[in-house]
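Here's the letter readout for the chains.
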Amino acid sequence: QQQLLQSQQQQRFSTLKTIGIDYGLARTGIAITTGGYRPRPLAILPAANTTLLITTIVAQIILPERATNIVVGLPLHKNGTESEQSDITRMFARALLWEVRCACGKGVSVDMWDSPPSS
């Protein structure tokens, strides 16, 4: 019975689709992974007003991909403290969560994760 449970959990995990969002003021990168393996880039969206950007992400990426999880990168300083961009990204993530709840219900999670600096 335990093997059956593990098999069911592995099968469920292997079908989870996670959208990763690297929000930026100049552009926003979007990637996807299924089961947590082999992430692949989906899009780089140019800067736009936040409402338009969120609507685009939800309507053109999250809904068609049937994402089950969304992870927004949280930019922190190297010492782990938050930056001005951290506050901006948190506001973006809150607005995204609202739109996701309206479009997808509570079945899609939106989380933030430390994103190391890339520029």
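Everything below is about the structure printed above this text.
Caption draft 1: Layout of unusual backbone geometry. A positive phi is found at Arg 66, a non-glycine position, where the angle reads about 55°. With respect to the helices, strands and loops of the structure, Arg 66 is situated in the loop between α2 (50-65) and β4 (69-75).

Caption draft 2: Summary view of the side chain of Thr 33. Among the secondary structure elements, Thr 33 is positioned in strand β2 (residues 27-34). Discounting residues that sit within four places of it in the chain, Thr 33 has contacts with Leu 16, Lys 17, Thr 18, Arg 38 and Pro 39.

Caption draft 3: The packing of aromatic side chains, seen in detail. Under the counting rule described, the total for this entry stands at one aromatic pair. Note on Tyr 23 and Phe 92: the rings are 4.0 Å apart at their centroids and 10° apart in plane angle, and the pair reads as stacked. Here Tyr 23 is found in the loop between β1 (17-22) and β2, whereas its partner Phe 92 is found in helix α3 (residues 84-104), with 69 residues between them in sequence. Across this residue pair, the class does not change: Tyr 23 and Phe 92 are buried.

Caption draft 4: The pattern of salt bridges, seen in detail. Scanning the entire structure with this criterion turns up two salt bridges. Glu 65 is paired through a salt bridge with Lys 17; the nearest N and O atoms lie 3.3 Å apart. Of this pair, Glu 65 sits in helix α2 while Lys 17 sits in strand β1, and the two are 48 residues apart along the sequence.

Caption draft 5: Focus on the packing of α2 against α3. Two numbers describe how α2 lies on α3: the axes approach to 10 Å, and their chain directions differ by 45°. With respect to α3, the element α2 is oriented oblique. Here α2 runs over α3; the crossing is right-handed. When α2 is examined against α3, the residues Thr 50, Leu 53, Ile 54, Ile 57, Val 58, Ile 62 and Leu 63 are found in contact with a partner set consisting of Phe 92, Ala 95, Leu 96, Glu 99, Val 100, Ala 103 and Cys 104. Class assignment of the residues belonging to the contact of α2 with α3 gives a composition of 12 nonpolar, one polar and one charged.

Definitions and limits used
- Every chain is numbered on its own, with residues counted from 1 as its sequence reads.
- The predicted origin of the model limits local features to residues at a pLDDT of at least 70 and limits the giving and counting of side-chain atom pairs to 80 or more, whereas totals for whole chains, interfaces and linings rest on all residues.
- To obtain the side-chain values, all non-hydrogen atoms of the structure were used and water was disregarded.
- Numbering goes from the N terminus for both helices and strands, where a helix is a DSSP run of H or I of at least four residues and a strand is a run of E of at least two.
- Residues count as neighbours in contact if any of their non-hydrogen atoms are within 4.5 Å of one another.
- Under the pairing criterion, centres of Phe, Tyr and Trp rings, with the six-membered ring standing for Trp, must be within 6.5 Å; the plane angle then separates stacked pairs below 30 degrees from edge-to-face pairs above 60, leaving the rest tilted.
- Relative accessibility under 20% of the residue-type maximum defines a buried residue, over 50% an exposed one, and the middle range a partly exposed one, all with a 1.4 Å probe and only protein chains included.
- For this analysis, a salt bridge means a side-chain nitrogen from Lys or Arg found within 4 Å of a carboxyl oxygen belonging to Asp or Glu.
- Fitted lines through C-alpha atoms serve as axes, helices being fitted only where they are in contact, and the angles separating the N-to-C directions of these axes extend from 0 to 180 degrees.
- Should an angle lie under 35 degrees it is considered roughly parallel, over 145 roughly antiparallel, and from 65 to 115 roughly perpendicular; all remaining angles are considered oblique.
- Definitions for this section: a left-handed crossing has its near helix turned counterclockwise from the far helix by less than a right angle. A right-handed crossing has that turn clockwise.
- Basically, the charged four are Asp, Glu, Lys and Arg, the nonpolar ten are Ala, Val, Leu, Ile, Met, Phe, Trp, Tyr, Cys and Pro, and anything else, Gly included, counts as polar.

On their own, these measurements won't tell you what the molecule is for.
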